[in-house]
Amino acid sequence: MLARKSIIPEEYVLARIAAENLRKPRIRDRPRKARFIAKNGACNLAHKNIREQGRFLQDIFTTLVDLKWRHTLVIFTMSFLCSWLLFAMMWWLVAFAHGDMDPSTESTTNSTKWTPCVTCVRSFTSAFLFSIEVQVTIGFGGRMMTEECPLAITVLILQNIVGLIINAVMLGCIFMKTAQAHRRAETLIFSRQAVIAVRNGKLCFMFRVGDLRKSMIISASVRIQVVRKTTTPEGEVIPIHQVDIPVDNPLESNNIFLVAPLIICHVIDKRSPLYDISAADLALQDLELIVILEGVVETTGITTQARTSYIAEEILWGHRFVPIVTEEEGVYAVDYSKFGNTVKVAAPRCSARELDEKPSILIQTLQKSELSHQNSLRKRNSMRRNNSIRRSNSMRRTNPSLIVPKVQFITPEGSQSASET
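First, a word on what this report is: a plain description of the structure on this page. (Residues numbered from 1 in each chain as written. Predicted model: local features only at pLDDT ≥ 70, side-chain atom pairs only at ≥ 80, totals over all residues. Heavy atoms only, no water.)

**Side note on the side chain of Thr 187**
So, point 1. By secondary structure assignment, the location of Thr 187 is in the loop between helix 9 (181-184) and strand 1 (188-190).
So, point 2. Classification of Thr 187 as buried rests on a relative accessible area of 14%.
So, point 3. Apart from the residues lying within four places of it in its own chain, the contact partners of Thr 187 are Gly 210, Asp 211, Leu 212 and Arg 213. (Helix = DSSP H or I, 4+ residues; strand = E, 2+ residues; numbered from the N terminus. Buried < 20%, exposed > 50% of the residue type's maximum accessible area, 1.4 Å probe, protein only. Contact = heavy atoms within 4.5 Å.)

Okay, here's the thing in structure tokens:
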């Protein structure tokens, strides 16, 4: 008997499977836009086809600082090893040229006054050990220089100078890598999401920023930029068009006192790129808001910069951040577990332009929210009242001691009447 799969030709099976797959609806996710700045502040930018690679060697110190730690440690180790081997070869050549490697010199040393350039250097291994002792200033007393060879004195001076330069560059590079400014930015945090809500009668874009360390950021300032793809009237396409937007600050200067988490506010007015965007249009916008926090580290005096960005999917319309700073026993306490928590508030769904043209929209929105709030309070109170009545009735049914007994009253005529109190 033939097998079942051999009865039906393979061409027919493949055609049927393809037809079934075509009939099934396929749900494809919307392709996510590439971010210019990641949430952790890293720039999402790849440099390709750089032909002038020699420019990086012209600024060798910055190149060494920008390298990864494993590459820096390899370069640090190889620079010392190569310098030790190079000068070990030079010391070996000096000793060989002077005749210190000849075994016959050992027998003549006791009879005549033979003075080598470097004592106890009779092989490349001893020359390598002497090179390490010279450059690292370790003296064991077995090998030492003499006044016999002026060339050896010149090599000694040259090796000391080269060793000092290598020490200065390598140690300075490691110090700069450990004290880089972006390390301090790791403790500067931003809220995961931004919000758009009404503040002081205006639509505002808001986010929260905080510092986890007690050491402050001096002269901290916040800048906001909008990055979007634009096309000029001449037809030129600008893929990354950056526009600065103002930050609402009650102070005359742009500096903020970042001693506690702050809510940074941008009023959406005529100067704002968000002026014509409504709640329905926000999800369709291809824009990215970049937040840059700059300041001077109090402990080191180095300028640091922390960055993050918000795309359209990370902006909540009609929300507000919950308060996280409370006063407890005379001390202001910050609850960082609620750092990014938001609550829904009443906010018009129209754009800021429509809100400026029709101020009555804001009044109607607030009135509707007030009515809905009152209705919710009434429903909540009625539910509580009904629950309390049901609870009391159930307690009376289950507890017979709470039932009031009937009492009989006798009138002067002698008739009895029963009543229940």
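Having put the structure on the table, let's press on.
**Considerations on the packing of helix 5 (residues 69-98) against helix 8 (residues 150-178)**
So, point 1. Direction vectors running N to C along helix 5 and helix 8 enclose 175 degrees, while the axes themselves pass 11 Å from each other. As the angle between them shows, helix 5 and helix 8 are arranged roughly antiparallel.
So, point 2. Taken together, the residues of the contact of helix 5 with helix 8 sort by class into 18 nonpolar, six polar and one charged. (Axes fitted to C-alpha atoms, helices over the stretch in contact; angles between N-to-C directions. Parallel < 35°, antiparallel > 145°, perpendicular 65-115°, else oblique. Nonpolar A, V, L, I, M, F, W, Y, C, P; charged D, E, K, R; others polar.)

**Here's the deal with the state of the cysteines**
So, point 1. Considering all chains together, one arrives at one disulfide under this definition.
So, point 2. Note on Cys 265: no disulfide assigned, nearest cysteine sulfur contributed by Cys 204 at a separation of 3.5 Å. (Disulfide = S-S within 2.5 Å.)

**Points about the pattern of salt bridges**
So, point 1. Overall, the coordinates contain seven salt bridges when judged by the stated rule.
So, point 2. Notably, a salt bridge pairs Glu 294 with Arg 223, separated by 3.6 Å at the nearest N-O pair. Pair noted here: Glu 294 is in strand 8 (residues 287-297) and Arg 223 is in strand 4 (residues 217-231), with a separation of 71 residues, a long-range link.
So, point 3. Of the residues examined, Glu 294 reaches a relative accessible area of 25% and is grouped as partly exposed.
So, point 4. The partly exposed category is assigned to Arg 223, whose relative accessible area is 32%. (Salt bridge = Lys/Arg side-chain N within 4 Å of Asp/Glu carboxyl O.)

**What about the nonpolar core?**
So, point 1. Formed by 39 residues in total, the largest nonpolar core has its most connected members in Phe 205, Phe 207, Leu 289 and Leu 293.
So, point 2. Ignoring anything within four residues of it in the chain, the contact list for Phe 207 reads Phe 190, Ser 191, Ala 194, Val 222, Ile 224, Leu 262, Ile 263, Ile 264, Val 291, Tyr 310 and Phe 321.
So, point 3. The next biggest cluster of nonpolar side chains, apart from the first, holds 15 residues, and it includes Trp 91, Val 94, Cys 117 and Cys 149. (Core = buried A, V, L, I, M, F, W, Y, C linked by side-chain atoms within 4.5 Å.)

**A word on the packing of helix 7 (residues 124-135) against helix 8**
So, point 1. Contact geometry of helix 7 with helix 8 gives a least axis separation of 9 Å together with a crossing angle of 60 degrees. By the angle between their directions, the pair helix 7 and helix 8 is classed as oblique. The element helix 7 and its partner helix 8 pack so that their crossing is right-handed. Residues Ser 131, Val 134 and Gln 135 of helix 7 pack against Leu 156, Gln 159, Asn 160, Gly 163 and Ile 166 of helix 8.
So, point 2. Taken together, the residues of the contact of helix 7 with helix 8 sort by class into three nonpolar, five polar and no charged. (Left-handed = near helix turned anticlockwise from the far one by under 90°.)

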